[in-house]
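Breakdown of the fold
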Amino acid sequence: MRIVIAPDKFKGSLSAPEVCSHLEKGLQRGAGGNLDVVRIPVADGGEGTLDAAVGSGFIRRTATVTGPTGQPVEADYAVRGHEAVIEMATASGLALVPNVRKGGRPVSADASAATSLGTGQLIRAALDAGCRRIVLGVGGSANTDGGAGLLQALGARFLDSRNNELPPGGAALANLHSIDFTDFEPRLVDTRFVLASDVDNPLLGAQGAAAVFGPQKGATQQDVGMLDAALARFVEVLAREIGFRAVKAAEAPGAGAAGGVGYAAIAVLAATRRPGIDVVLEFTGLADRLAGADLVITGEGSLDEQSLLGKTPMGVARAAAAQGVPVVAVCGRTTLDPEQAAAAGFEDIHALTALETDVNRCIAEAGPLLEQLGTQMSAGLAANRPAAASTKEDLRV
C-alpha cells in the first residue's frame, strides 16, 4: 500500500514533520514495515510553512536579522531555485517578544514599538540568494506597523517633518511626513510576491489590523486607537508618494494581515494574496505526489468547526478527492460529528483523546500516542482489506 501522510502541526506538541515521523513509525510497526509511505508536511501559510517548504525540497537557510524588539535573532527561510519561502514569525513573531503580565494575562512588552524590519531583511537575504519569486507566509506577528519596518529594510526612509528617520514601530507613524524611496531595492522590480494569508481584514477601522489583532499583541484600547490613527497617517503619506493605489490597497482583503504587513506587500510590493493552504499545497506538489496513493492521512491538533473554514486538513481533503483517493484524519481532539466529518470528505477521524482522555497528557505525550494510533490504524487496514482487494473502497481505516 502507498500511503501519503500530509498533516499540519499539532500546535503546542509537535511540528508537522514530527507528526509525520511518529505516525509513520506506528503505521510501519503495525504493518511489519511493508508500507510505502510518503511524508508531506503541510501548513496553512502561518507557522509551519517553512517546515512544509523544507519537507518539499527547499533548502533551509539562516540569516541574522532584527527581531520585533530590535534585538538580533537567527531567522530561517527556505530556497529552491529562484523561489523562496519566508515564514514571517521566524523574524518578527510574537513568540520572540519577552512577555509581561498586564491585568492577569500575558501580553507583549510594547505592542506599539514592535517592528517588521526583520521580515524585510529576510526578503533582502532571499534576493541575495538569487530568488525572484517570494512567498510571504504571514501570521503570529508581533508588530502593528503596517509593514513600515519591512519597507525600511528594503531601502525606504520614513521621515518626520524635520527630515529625521522615524524610530521603529507603528506608533511612530503618527509623525510620518514623507517616505523617500530613492534607495529602494531595485531588484524588487523583477520580483513577484505571493502573500499567503487567510486573513481578509482591511488595514484600518473596526475590522482593521490594530482593532482586531492589536489586543492579541498586548495593545490596550488606547493603544489601538493610536495605532489605527498612525496607520491612517501612513496611508495618507504613502498615497502622496505612489498614488491612489495606496488608498485602494488599504481596503483590500488581507491588508490587515500580520499587523499591516499585508498592506505593505499589496501596496508597494504588488503582492498577490492567496489562501495559505493553496500556496503551500502548490509548492509541496501534493496533487502530483498523490498519484498512485491508496490512502491519505491528514490532520492537525484540534479538528473542529474552524478547521472546516479552509484550514490545512480541508485543503488536503479537497486535493485527495480530486484524485479519488480516500482520506482519514488524525488529531489531538475533535468536536466534529460523523456527519460533519463525512461532509468534509473524511472517511474517519482518529483523535488521541480516544486513547488518552487527559488532554494535558495528550499534549505532552502526543508523539508516543500518535505511534500507538498508527499501529491501530495499520491493524484496521489489514482487517478491512481482503487479500485480493484492489479498490480504494477496501482501504478505509
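Structure's up top.
Think of each chain on its own: its residues are numbered from 1, step by step along the sequence as written. For this predicted model, a pLDDT threshold of at least 70 governs which residues receive local features, and a threshold of 80 or more governs which side-chain atom pairs are given and counted, while totals over whole chains, interfaces and linings are taken from all residues. No hydrogens and no water enter the side-chain calculation; it runs on all heavy atoms of the structure.

Attention shifts here to the overall build of the chain. For the chain, the helix and strand inventory stands at 15 helices and 15 strands. Here the C-alpha atoms of the chain give a radius of gyration of 23 Å, agreeing with the 21 Å that 2.2 N^0.38 yields for 397 residues. With respect to the three principal axes, the spread of C-alpha positions in the chain is 80 × 50 × 35 Å. Looking at the chain as a whole, 55% of its 397 residues are labelled buried. For accessible areas, the Shrake-Rupley method is used with a probe of radius 1.4 Å. Any residue's cover is judged against the shown protein chains and nothing else. As displayed, the chain has an accessible area near 16100 Å², and 50% of this comes from carbon and sulfur atoms. Of note, the chain has its 34 positive side-chain charges centred 3 Å away from the centre of its 44 negative side-chain charges. Labels follow the DSSP assignment, with helices taken as runs of H or I lasting at least four residues and strands as runs of E lasting at least two, numbered in each case from the N terminus. Computation of the radius of gyration draws on C-alpha atoms alone. For the globule rule, the value is 2.2 Å times the number of residues to the power 0.38. Type-normalised accessible area, obtained with a 1.4 Å probe on protein chains alone, sets the label of each residue: buried when under 20%, exposed when over 50%, and partly exposed for intermediate values. His residues and chain termini do not enter the charge count, which takes Lys and Arg as positive and Asp and Glu as negative. We put the charge of a Lys on NZ, of an Arg on CZ, of an Asp on CG and of a Glu on CD.

Here we take up the pairing of strand β11 (residues 192-196). With respect to burial, β11 is a largely interior element, 4 of its 5 residues being buried. Relative to β11, strand β8 (residues 133-137) runs parallel, the two sharing 5 bridges. In the strand pairing of β11, Leu 136 is matched with Leu 195. When DSSP locates at least two bridges between a pair of strands, those strands are taken to pair.

Judged by pairing direction, the sheet is mixed, and its 6 strands sit side by side in the order β3-β4-β5-β8-β11-β12 without closing on themselves. Of all strands in the sheet, those bounded by a partner on one side alone are β3 (59-66) and β12 (272-274). Ignoring which end each strand starts from, the neighbouring axes of this sheet average 25° apart. Direction of pairing for β3 relative to strand β4 (residues 72-80): antiparallel, over a ladder of 8 bridges. Bridging across to β4, Arg 60 finds its partner in Ala 78. Helix α4 (residues 117-128) contacts β3, β4, β5 (83-87), β8 and β11 of the sheet and is inclined by roughly 135° relative to β3. For this analysis, residues touch if any pair of their heavy atoms sits within 4.5 Å. Axes here refer to lines fitted to C-alpha atoms; in helices the fit is confined to the stretch in contact. Angles between the N-to-C directions go from 0 to 180 degrees. Each of β4, β5, β8, β11 and β12 is contacted by helix α10 (residues 276-284), which is oriented at about 95° to β12, the strand it contacts most.

With that settled, consider the pattern of salt bridges. Each reported salt bridge corresponds to a side-chain nitrogen of Lys or Arg within 4 Å of a carboxyl oxygen of Asp or Glu. If you walk through the whole model with that rule in mind, you get 20 salt bridges. With a closest N to O distance of 4.0 Å, Glu 83 and Arg 80 form a salt bridge. Judged by relative accessible area, which is 31%, Arg 80 ranks as partly exposed. One continuous salt-bridge network, built from bridges that share partners, spans Arg 80, Glu 83, Arg 133, Arg 274 and Glu 282.

On to helix α1 (residues 16-31). Note: α-helices contain 3.6 residues per turn, so residues at a spacing of three or four share the same orientation. Taking 1.5 Å of rise per residue, 16 residues should cover 22 Å, and α1 covers 22 Å from first to last C-alpha, within 8% of that figure. Residues of α1 that are buried include every one of Ala 16, Val 19, Cys 20, Leu 23, Glu 24, Gly 26, Leu 27 and Gln 28, and no others. Positioned one or two residues after α1, Gly 32 has a phi angle of 65°, which is positive. Under the convention used throughout, the expected extent of a helix is 1.5 Å for every residue step, that is, one less than its residue count.

Through backbone hydrogen bonds, the strands of a sheet pair up, either in parallel or in antiparallel fashion. With parallel pairing, the 5 strands of this open sheet are ordered in space as β2-β1-β13-β14-β15. The sheet is open, and its two edges are formed by β2 (36-39) and β15 (348-351), each paired on a single side. Direction aside, the axes of adjacent strands within the sheet are offset by 25° on average. Of the pairings in the sheet, the one linking strand β1 (residues 2-5) to β2 comprises 4 bridges and is parallel in character. Counterpart to Arg 2 in the pairing with β2 is Asp 36. In the packing of α1 onto the sheet, contacts are made with β1, β2, β13 (295-303) and β14 (327-334), and the angle to β2 comes to roughly 175°. Where helix α12 (residues 312-322) meets the sheet, its contacts fall on β13 and β14, and the angle it forms with β13 comes to roughly 165°.

This brings us to the environment of Ala 75. Assignment of secondary structure puts Ala 75 in strand β4. Sequence separation between Ala 75 and Leu 336 is 261 residues, and the spatial gap between their C-alpha atoms is 37 Å. When near neighbours in sequence (up to four residues on either side) are disregarded, Ala 75 contacts Arg 61, Thr 62, Ala 63, Val 65, Thr 90, Ala 91 and Leu 122.

We now examine α12. Counting buried residues along α12, 8 of its 11 residues qualify, which places the element largely inside the surrounding structure. Those residues of α12 lying buried are Thr 312, Pro 313, Met 314, Gly 315, Val 316, Ala 317, Ala 319 and Ala 320. Looking one or two residues beyond α12, the residue adopting positive phi is Gly 324, at roughly 70°.

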